[in-house]
Amino acid sequence: MSGGANARPRATGALRALALAAVLAWSAAPAVWQALTALKPDAQITRTPTVYLPSPPTWRHVQALWDRKPFGRYLANSAAIAAAATLLCVSLAALAATAIARLPGRGREGTLLALLVVSLFPPILLLFPLYEGVRALGWVNHPLALVLPFAALNLPLAVWVLEGALRALPAELDEAGRLDGLSALGRLRRVHLPLALPALATTAILVFIFCWNEFMLSLTFMTRDAAKTVTAGIASVSGASLHEIPWGQLSAAIVIATLPLVALVLLFERRIVSGLTRGALKG
Amino acid sequence: MSMVELRGEEITKDFADGARALDRVSFVARPGRVLTLLGPSGCGKSTLLRIVAGLERATSGRLRLGDEPFDDVPVGRRGVGFVFQNYALYPHLTVEGNLSLALEAGRVPRGEIRRRVAETAEWLGLGGLLGRRPGQLSGGQQQRVALGRALVRRPRLYLLDEPLSNLDALLREGMRAELKALFARVGATVIYVTHDQTEAMSLSDDLIVLRAGRVLQCAGPLEVHRRPADVFVATFVGSPRMSVWRGRRDGDVLACRGVQVPVPRGLGGNGELCVGIRPEDVEVATSPLEGGWPGELEVVEPLGSQVLLTLRVGGERVRALAAPAERPAASWVRWPGGSLHWFEAESGRRLEPDGPTVEVIR
Amino acid sequence: MSGAGLTRERTLLLFPALLLLALVVAVPILRVVQLGFHRVELDGGIALHWAGLEPYARLWQDGRWWGALRNTAVFTGASVALELVLGVAVALLLHERFRGRGLARALVMVPWALPTAIMALAWAWIFNDAFGVLNDLLGRLGLVRGPVAWLGSPGTAMLALVVADVWKTTPFVALIVLAGLQGIPEPVLEAARVDGLSAAQRFRRVLLPLLGPSLLVAVAFRAVQAYGAFDLPYVMTGGGPGGATETVSLYAYRNYFRYLDFGYGSAVAVQGALLAALLAAALMGLAGRRGRVRA
């Protein structure tokens, strides 16, 4: 199982390649199938036996998305809410992480553990009281109803990742800054943050993904179509009515809604991996 | 322990990025003897060791154990005990577990395992530590467990990759002596890799000096010290370091900076040459020495039992060892012509006053 | 920042985050616990009538609750077990250096990054009895005689859910295991090779024990997450057929927003959370003990 690359017989190499190909195919298959469905004319979608490749591919479903429901609005809402929540979350997490990184061992561990515990609560527990609060504030269908909870629910992860990165910065840098006459805020701005930029980026990407993907709160707090995020907008067709769904359009919606995420993952794979493992491995 | 020897023939190793780690290296590890691979970092010595262990594969060249080819024997079946530089102990097992894992996996009977582990632990003074884990051991103790792990399998060949380099100086000295005694006791065939020439000198029966993937000299330690085959070997082996001057040959003198050194009769080589002298061969005095040179004392380094002096002769510097004194002074240096080492500047090869240069490989 | 400990400066830095968490997490938890002890009636606004432990007694008698709990246990157990095995396998595959490893890793990550709710629809389409591609493939391969009503019968609906969940979160487990693998020093495995251990022996005696802590962390996380699953059952099966895939979260949600029984829904949620906490504590405890042994 180790890396002594050359001293390995060729049979295992082929087996590995096969296994890897299988894993990759399995990972990509559902998304690919959706894409194919989105491009198929209606008749071919409901044909049995299944038609695999659309011939000819059609863009009608994609176009129809904008006619039937305010799909563009869904996307815009998701983007805006996720962006705002990410900004808020990462900012608060950065401040908190800076403080935690400098705490003595036990205080630090305790705080991080407490955050970990917070992240383990099943969200259903919080749903109704949050809903009451949102209604009381008149925030139903208002973006803030989602932005604040999203920021809060992702704080533990963000703090874990950022704290780890900040703690890895050598303390001497901070001391050098002090000797150079910088205030605490000045040191934060000129020393810590620039060096922690990669970690900030990683955290932002992770939080953005989680916010975009959230469903339960979005479903409950946004009742008006124009206010919905893309997850609630698309998936608010529940079990029973699956038969009446125009699958072509739905597939198109699914593909478009997931495309940004696929792009994010492919572009930032390394960051995401390092952030996740750092965030989850500390336990 | 077999009585056959391990040979490497023309071993070459190229890495994927094109770097050549070993260039046609040949060696012989004779039964019951310690062969040391000595060289600076990056010279390829660890790579060669890993090839012998089977952890890497040579790009070309062959390994033979006695008459049989060794290259295709799988790693686990080579009967090799490997001691890693960082010990590589199994962190999740106790010392006893570390020592017995290989035997358990090899389905050696339980009674035999227990016997061997106890014996090995006794040899290495690990008796009271059997229940501890690597994380609870000191560096020296971990090193001994690493040794024990190899010993307990009674392998035909021991490969040690800079085993002492992570120990502090005092510990290193003690372990050196212990290792030497251990090797003798076990009658092992050993290939030992190090960059520390003191270790190499004290432990080896046979010595190979490597640099940048090439063998510079292959001989016994005394021979390497007395007649280094290459100017690099000359300065690498021997402490304190040899002083080397470089100059242009002009008839029967070597014109260095501000000083001329007579070239012995019959010495081959023209053009740029190097001449070297070991500090222990240099005589110093405060009054003129016949056949010597005037020198200006620049640095005095007390070494404890001796003093290392650096003197300026003309435009060159020479180091000399002298007895310790209150205020060391010296103004003259002299050395016997026979103690000089001559080399070609370009190739680094050794030159002999009459006859051929020293052969590199025996 | 000079000195150790909680200075005023540091408290100020921590404050905004803690405030937000208090508002969004702490207060609602208190509220939901409160609601769980009351009978809640809609009366213009919300009227609370103290009911003590009565909702929890009702829960104990509630067959549908036990069904939900059983479904959740089956879902969690099956998903986590499969993800563990597959996750380790994928991690081992991705551990070696090979050309295109970055791209392979990225592709493997994609399922995890996609929204569960949306992909639940995609899976529903794949498992569709009339037009789903799975039935078509199975039919062509001759593995089934006629189209299987995957989402229409209890056992297969749960299977479909598990498949969808495994697809989505195996990458997460694989990542954690991968990080664990990378924490194992290469020379230790080489030492095992030279010592004559076969690949299987190296896996069992060296790799697996050293991976232990990471595996437990992964299991603990995933178990708790799977337990709280909402998106998948809601969108893919709606808890059907006949409540065969209704999880605890879904049952609580129904009580809240279909039956408008806020008090009882809260009791369901709280009870569910307590059990989840027990599960997490047990797993974390295991992880802690193993972790210490690893020294």
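Each remark here, short or long, concerns the structure printed above.
Residues numbered from 1 in each chain as written. Chains lettered and ligands numbered in written order. Predicted model: local features only at pLDDT ≥ 70, side-chain atom pairs only at ≥ 80, totals over all residues.

K.L.:
Give me the lowdown on the overall build of chain A, citing residues and values where you can.
P.N.:
In terms of helices and strands, chain A carries 12 helices and zero strands. Mapped from its N terminus to its C terminus, chain A presents α and β elements in the order α-α-α-α-α-α-α-α-α-α-α-α. Within chain A, the fraction of its 283 residues that count as buried is 45%. Put simply, 78% of the contacts in chain A that link residues at least 6 apart link residues at least 24 apart. (Helix = DSSP H or I, 4+ residues; strand = E, 2+ residues; numbered from the N terminus. Buried ≥ 20, exposed ≤ 12 C-beta atoms within 10 Å, placed from the backbone. Contact = placed C-beta atoms within 7 Å.)

K.L.:
Now, about the interface of chain B and chain C: what can you tell me, with residues and values included?
P.N.:
Taken together, the contacts link 21 residues of chain B with 18 residues of chain C. Elements represented by at least two residues in the side of chain B that touches chain C include exactly β6 (80–83) and α2 (95–105) of chain B. Counting residues per element, the side of chain B that touches chain C draws most heavily on α2 of chain B, which supplies three residues. Here the side of chain B that touches chain C is built from residues that sort into 12 nonpolar, six polar and three charged. (Nonpolar A, V, L, I, M, F, W, Y, C, P; charged D, E, K, R; others polar.)

K.L.:
Can you explain the sheet that holds strand β16 (residues 293–294) of chain B? Please cite residues and give values.
P.N.:
Residue and element names in this part refer to chain B. Overall, antiparallel pairing links the three strands, which are arranged β15-β20-β16 in an open sheet. The sheet is open, and its two edges are formed by β15 (283–285) and β16, each paired on a single side. For β15 and strand β20 (residues 332–334), the ladder comprises three bridges, and the chain directions are antiparallel. Across the sheet, A285 pairs through a bridge with W332, a residue of β20. (Pairing = 2+ DSSP bridges.)

K.L.:
Residue-level account of unusual backbone geometry, with values.
P.N.:
Residue and element names in this part refer to chain B. With an omega of 0°, the peptide bond running from S239 to P240 counts as cis. Examined against the element boundaries, P240 turns out to sit in the loop between α8 (231–236) and β11 (243–250). At Y87, a residue that is not glycine, the phi angle is positive and equals roughly 75°. At A88, a position not held by glycine, the phi torsion is positive, near 50°. Inspection of the secondary structure puts A88 in the loop between β6 and α2.

K.L.:
Just give me the short version of the packing of helix α7 (residues 154–182) of chain C against helix α9 (residues 199–227) of chain C, but keep the residues and values in it.
P.N.:
Residues and elements named next belong to chain C. In contact at an axis separation of 9 Å, α7 and α9 are set at 155° when each is read in the N-to-C sense. Accordingly, the angle class assigned to the pair α7 and α9 is roughly antiparallel. Crossing handedness for the pair α7 and α9: right-handed. Seen from α7, the contacting residues are D165, T169, V173, I176, V177, A179, G180 and L181; seen from α9, they are L211, S214, L215, V217, A218, R222 and A226. In terms of residue class, the contact of α7 with α9 is built from 10 nonpolar, three polar and two charged. (Axes fitted to C-alpha atoms, helices over the stretch in contact; angles between N-to-C directions. Parallel < 35°, antiparallel > 145°, perpendicular 65-115°, else oblique. Left-handed = near helix turned anticlockwise from the far one by under 90°.)

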